[in-house]
Amino acid sequence: MKKKIGISFTHTFFENYWNWFTPADLGNDVELVELSFEKNNTEDIYRCDGFLLTGGIDVDPSFYNGNANYENSPALFQPGRDYFEEKIYRYSQANKLPLLGICRGMQLVNVLQGGKLIQDLDNKNERHRKEKSDKEHHVFASNNSLLGKITGAEGGHVNSAHHQAIDPKAIGNNLVPNAFDSDDEKMIEGLEFADKSNKAFMLCVQWHPERIKDKEENPFSENLKRQFLAAIRETSMKKLTVTNPATEDIIAELNEDNRESLHRKFESLKTAQPGWNKLPLSERTATIRKFSSLLEENIEQLAAILTSEVGKPLQQSHNEIKGAMARIKWLTDNADKYLSDEAMRSNEEMEEKISYEPLGVVCNISAWNYPYLVGVNVFVPALLAGNAVMYKPSEYATLTGLEIEKLLKLAGIHSDLFHIAIGGKDTGENLLDLPFDGYYFTGSHKTGKYIYEKVASKMVPCQCELGGKDPLYIASDIKDIKAVAAGTADGAFYNNGQSCCSVERIYVHEKVYEKYVDEFVKEVKSWKIGQPTTEGTYIGPLSRKEQLQVLEQQVNEAAKKGARVLTGGKKMNQKGYFFEPTVLADVTHDMAVMKDESFGPVIGIMKVKDDEEAVRLMQDTEYGLTASVYSTDKNRAEKILQQINAGTGYWNCCDRVSAALPWSGRKHSGFGVTLSHAGLRAFTKPKAYHLKGS
Ligand code: NAD
């Protein structure tokens, strides 16, 4: 893919910046990306390899404690633009990516580095302020400066169109002037870093190289551009490739985080957390509610992005976002009840109470199958409780992670209170090395075990929500077999079977076995398989290519050992990661399909002679997430469920999560709790107060 230059959008002559880079300059390997505070396309910042901060309206004086009223101030400032460009600048510095600041761009860099501005040049406006056209004058380039080296000149002719300037008494941290107006050496015309070690190319100029009259010949334009382009071509950011599983098209390439960028993010989370925690809980709750409203407002676009990267049918993407909103509603409605101080005893002698203090900065390493749901389970209660959060979406759901970050910030979460970590396993590993105050992991048993062992020595909470091999039992007394078959088939195949609590094994009493299997297969055969964006599609592609092979192996092994393939059985001969929904009968526990997590559209159905045999087989697993029983007799079902070592039991339902109930696994399905009152408190440390007398 091409290297990308992000150009910050401005209302003033944006096309000049864009056209400054000619097709010959860009060649076949560089392209331009508009980064617009109006579109708030933060996600595009993470795609870029270098940035140009453009000119335009004065930086909002509140950014540098300046006076809001001054000569020639604009009718309206654009703080939204300042915040957006601050993100760009901080990102460029955290990731050592080249940056060119022009006019206002230079002034913003000075402010962001802690410097100030002369708010209006007053009697110097005549020399510098644009009237009908740009003014023109001479500048001196400092000896040994980067600018001097690039231009190869001690001075040159530049244009001028500004009424503000860098305050020479308040130059930003580690910045040094590299050019001065020839008329008055105090007028700073350019800035660069004083100490450039460990820094990428960074140059700022007060003039407008993109529209200077003789730009092709003038080294104060052309050489700047060439050097900037060369620096961009030299960048070597590790990229995360996002592929649409339905089409196999690459839909994005994102810069991965590295040790250093993650360390910076961690430090900023640590700094921001106490301020957030000091806010009343009601304010934190209101911010999260606003986030939920933004999910609702943007649901079409969010669902489309989710479907494009994980392949789930569009309707199921909608359902997931609505489900996340429902969970947020329960969590915000109950935050006050479960996160406020709790009086345990109060009499004249002694008051006893518990206060729920936040852990601090928590790390959430997440999975791709339900990025909104499993994300919300963690970062929402963590934020409500007063924590800062580093959220690492799965590498297969990063575009959704970026949308989550964007909307949280739009809702009012401070830009340093929630960060996203971009990348796969290596990024996750780097997070394990940082001193977080708690780790919350959702994913496979293999990774969860590794993480648990790795962070054990930190002596901080670590919670693991892992996979499952969830059993379902159809007892002899069920009545409407057709309806039960349809409902349970949905429990096995919804989201293409890629749910932690998907039904993965079915045991059926011999009395109803034949009829149930018959109806089940009929239901599966009735589904529409195809593009996830097509209306009515129930089965789309798998999210991960590698899983095709896992499923194929499970089916082939089962068939070899005597299982009957009633429908499906193989990957589909077309583009995309499609696997036929597969039903296996005559399966046994000698087959991997009945023991290992399938996490796909494959189910094994086994005949049992009585409840006892069903319980024995249901219990024959290393996992313990959920289990369900279908029967007309509630007592019978409850008696069976009591014998199963799983975190959730279902009677006449399955593959279901409620925000009011604890979501927790046992054995290889992990430990710890999300959702419910226990999940709200999972991101806190209770403090006991014994308060005696007066
Ligand atoms: P995974 O274990 O492959 O990856 C999960 C996350 O861990 C990803 O963000 C990944 O980048 C990161 N990671 C991978 N290796 C790492 C390492 N060495 N150090 C740190 N981080 C690392 O799981 P997945 O494929 O994303 O998710 C599917 C699994 O998640 C299934 O087993 C499913 O059952 C389980 N799951 C469980 C629940 C639950 O609530 N119990 C919910 C959803 C998914």
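In short, a report on the structure. (Residues numbered from 1 in each chain as written. Predicted model: local features only at pLDDT ≥ 70, side-chain atom pairs only at ≥ 80, totals over all residues. Heavy atoms only, no water.)

## Some words on the sheet that holds strand β14 (residues 342–346)
The strand order across the open sheet built from 3 strands is β14-β15-β29, with neighbouring strands paired in antiparallel fashion. Pairing within the sheet leaves two strands with one partner each, and these edge strands are β14 and β29 (684–692). Ignoring strand direction, the axes of neighbouring strands in this sheet form an average angle of 20 degrees. Two strands pair when backbone bridges link them, and β14 and strand β15 (residues 350–358) are joined in this way by 4 bridges, in the antiparallel orientation. Its bridge partner lying in β15, Ser-346 is registered against Glu-351. (Pairing = 2+ DSSP bridges. Helix = DSSP H or I, 4+ residues; strand = E, 2+ residues; numbered from the N terminus. Axes fitted to C-alpha atoms, helices over the stretch in contact; angles between N-to-C directions.)

## Side note on the site of the ligand
Taken together, the neighbourhood of the ligand is formed by 31 residues, with Glu-395, Ser-444, Thr-447, Leu-466 and Glu-597 sitting nearest. Between an oxygen atom of the ligand and a side-chain N or O atom of Lys-392, the distance comes to 2.9 Å. Here Glu-429 contributes a side-chain N or O atom positioned 3.1 Å from a nitrogen atom of the ligand. Protein burial of the ligand: of its 850 Å² of free accessible surface, 93% is covered by the chains. Among the secondary structure elements, those contributing two or more residues to the shell around the ligand are α15 (425–432), β19 (438–442) and α16 (445–455). Here the shell around the ligand takes 4 residues from α15, the largest share from any one element. (Near = heavy atom within 4 Å. Polar contact = N/O pair within 3.5 Å; in protein donor to acceptor, adjacent residues only side chain to side chain. Areas by Shrake-Rupley, 256 points an atom, 1.4 Å probe, with all protein chains shown as cover.)

## Describing the sheet that holds strand β16 (residues 361–365)
Spatially, the 6 strands line up as an open sheet ordered β18-β17-β16-β19-β20-β28, and their pairing is mixed. Each end of this open sheet is capped by a strand with a single partner; those strands are β18 (418–420) and β28 (670–671). Direction of pairing for β19 relative to strand β20 (residues 462–465): parallel, over a ladder of 4 bridges. When the sheet's bridge partners are listed, Thr-442 is paired in β20 with Glu-465. Strand contacts of helix α13 (residues 371–384): β16, β17 (388–392), β18 and β19, with the helix running at about 165 degrees to β17, the strand carrying the most contacts. (Contact = heavy atoms within 4.5 Å.)

## A short note on the nonpolar core
Ranked by internal contacts, the top residues of the largest apolar core, which has 106 residues, are Phe-379, Leu-383, Ile-474, Phe-493, Ile-506, Tyr-516 and Phe-520. Residues within four places of Phe-379 in sequence aside, it is in contact with Phe-291, Asn-364, Val-389, Tyr-391, Ile-404, Leu-408 and Phe-418. (Core = buried A, V, L, I, M, F, W, Y, C linked by side-chain atoms within 4.5 Å. Buried < 20%, exposed > 50% of the residue type's maximum accessible area, 1.4 Å probe, protein only.)

## Considering the packing of aromatic side chains
Taken as a whole and assessed by the stated rule, the structure comprises 25 aromatic pairs. Measuring from ring centre to ring centre gives 6.3 Å for Phe-21 and Phe-228, while their planes differ by 50 degrees; the resulting arrangement is tilted. Of this pair, Phe-21 sits in the loop between α1 (14–20) and α2 (23–26) while Phe-228 sits in helix α8 (residues 222–234), placing them 207 residues apart in sequence. As far as burial versus exposure is concerned, Phe-21 and Phe-228 are alike and both buried. Where Phe-63 meets Tyr-83, the ring centres are 5.0 Å apart and the plane angle is 55 degrees; that geometry is what we call tilted. With Phe-63 in the loop between β3 (50–53) and α4 (79–94) and Tyr-83 in helix α4, this residue pair connects regions lying 20 residues apart in the sequence. Tyr-83 sits in the exposed class, given a relative accessible area of 51%. Note that Lys-199 overlies the ring of Phe-193, its terminal NZ or CZ placed 4.6 Å from the centroid. (Phe/Tyr/Trp six-rings, centres within 6.5 Å; stacked < 30°, edge-to-face > 60°. Lys NZ or Arg CZ within 6 Å of the ring centre and 35° of its normal.)

## Structural notes on unusual backbone geometry
Positive phi, close to 55 degrees, is recorded for Cys-103, a residue that is not glycine. Mapped onto the fold, Cys-103 is located in the loop between β4 (99–102) and α5 (104–112). Not every positive phi belongs to a glycine, and Asn-652 is a case in point at roughly 55 degrees. Summarising the element assignment, Asn-652 is placed in the loop between β27 (648–651) and β28. Assessed through its relative accessible area of 36%, Asn-652 is described here as partly exposed.

## Some points on the pairing of β16
Burial of β16 is extensive: 5 of the 5 residues sit out of reach of the surface. Pairing geometry for β16 and β17, over 5 bridges, is parallel. When the sheet's bridge partners are listed, Cys-363 is paired in β17 with Met-390. Note that the unit made of β16, α13 and β17 has a crossover that is right-handed. Taken together, the 4 bridges between β16 and β19 define a ladder with parallel strand orientation. (Right-handed = clockwise from strand over helix to strand, strands pointing away.)

## Observations concerning α13
With 14 residues, α13 extends 19 Å from end C-alpha to end C-alpha; this agrees with the ideal 20 Å at 1.5 Å per step. Maximum bend of α13: about 30 degrees, positioned at Asn-377, with proline Pro-381 one to four residues after it. Most of α13 sits out of view: 14 of its 14 residues are buried. At the exit of α13 stands Gly-386, carrying a positive phi of roughly 100 degrees. (Expected span 1.5 Å × (residues − 1). Bend = angle between axes of the 7 residues up to and from the residue.)

## What to know about the pattern of salt bridges
Throughout the structure, instances matching the rule amount to 52 salt bridges. Residue Asp-333 is joined to Lys-329 by a salt bridge in which the shortest nitrogen-to-oxygen separation is 2.6 Å. Note that Asp-333 and Lys-329 are positioned in helix α12 (residues 314–339) at a spacing of 4 residues, about one turn of the helix. Across the salt bridge formed by Asp-611 and Arg-636, the nearest N and O atoms sit 2.8 Å from each other. (Salt bridge = Lys/Arg side-chain N within 4 Å of Asp/Glu carboxyl O.)

## Comments concerning the side chain of Ser-676
Inspection of the secondary structure assignment puts Ser-676 in helix α22 (residues 676–680). Its relative accessible area of 0% is what places Ser-676 among the buried residues. Only 3.1 Å separates the side chain of Ser-676 from the backbone nitrogen of Ala-678, close enough to count as a polar contact. Residues in contact with Ser-676, not counting those within four places in the same chain, are Trp-330, Ala-659, Ala-660, Leu-661 and Pro-662.

## What to know about the environment of Leu-432
In this structure, Leu-432 sits in helix α15. According to the relative accessible area criterion, Leu-432 is buried, its value standing at 4%. Separated by 127 residues in the primary sequence, Leu-432 and Ile-305 place their C-alpha atoms 29 Å from one another. For Leu-432, the contacting residues outside a window of four places in its chain are Ile-365, Tyr-439, Tyr-450, Ile-451, Lys-454, Val-455 and Lys-458.

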